[in-house]
Structures are given as C-alpha cells and as structure tokens.
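# Commentary on secondary and tertiary structure
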Amino acid sequence: MTMDKSLRVRAGLARARSVLTRAERIHRLQRAERWKEGESPLGLPKVRVFKLSLKKKKKKKEEEPAK
C-alpha cells in the first residue's frame, strides 16, 4: 500500500533519536574506552544520548550610523 503525498515527511527524521543501534552503542563505548574488541556485543552497558537544544538568537538593534 502506498503512502499519500500529504503524509510523507520530506526531511526524514529531523529530531534526535532516543535509541541507538547496537553498532552505534559499540562505537560510542569504544571512543570512551569502555568496550574492547573481542568482548561480547550482548549485554552492553547503557549509553547516554545527548539531545541538542538550540537557543533562539536575540535580534540586535541596528546601530545608528555615526555622523
């Protein structure tokens, strides 16, 4: 069954995912030196997912030109 054009998301998943795949978790654990090659990929420790929140920029008032 096809999806209606009005329901499709053009940009895909634009927000942060709260769940990582096993490969992503292993990669992050390797960078933190908490997992070494040869260890079992099952029963991995939890890996925190950082959510980025962007603050809105304040608009600066245009300075008056010096005369």
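Counting starts from 1 at the beginning of each chain's written sequence and moves along it residue by residue. Whole-chain, interface and lining totals are the exception, using all residues; otherwise, since this is a predicted model, local features are given only for residues with pLDDT of at least 70 and side-chain atom pairs are given and counted only at 80 or more. As a rule here, side-chain values come from all non-hydrogen atoms in the structure, and water together with hydrogens is ignored.

### As for the overall build of the chain
Numbering of helices and strands runs from the N terminus; a helix is a DSSP stretch of H or I covering at least four residues, while a strand is a stretch of E covering at least two. Secondary structure summary: the chain contains one helix and zero strands in total. Exposure categories follow from relative accessible area, calculated using a 1.4 Å probe and restricted to protein chains: below 20% of the type maximum is buried, above 50% is exposed, and the middle band is partly exposed. Expressed as a percentage of the 67 residues in the chain, the buried residues total 7%. Throughout, the Shrake-Rupley method with a 1.4 Å probe supplies accessible areas, and for residues the shown protein chains are the sole cover considered. Accessible area of the chain: about 7800 Å², with a carbon and sulfur share of 53%.

### Some remarks on the environment of K51
Along the chain, K51 turns up in the segment after α1 (22-31). Taking C-alpha positions, K51 is 8.5 Å from R17, a pair spaced 34 residues apart along the chain.

### Some words on unusual backbone geometry
At E33, a position not held by glycine, the phi torsion is positive, near 55°. Tracing the chain through its elements places E33 in the segment after α1. We classify E33 as exposed; its relative accessible area is 70%.

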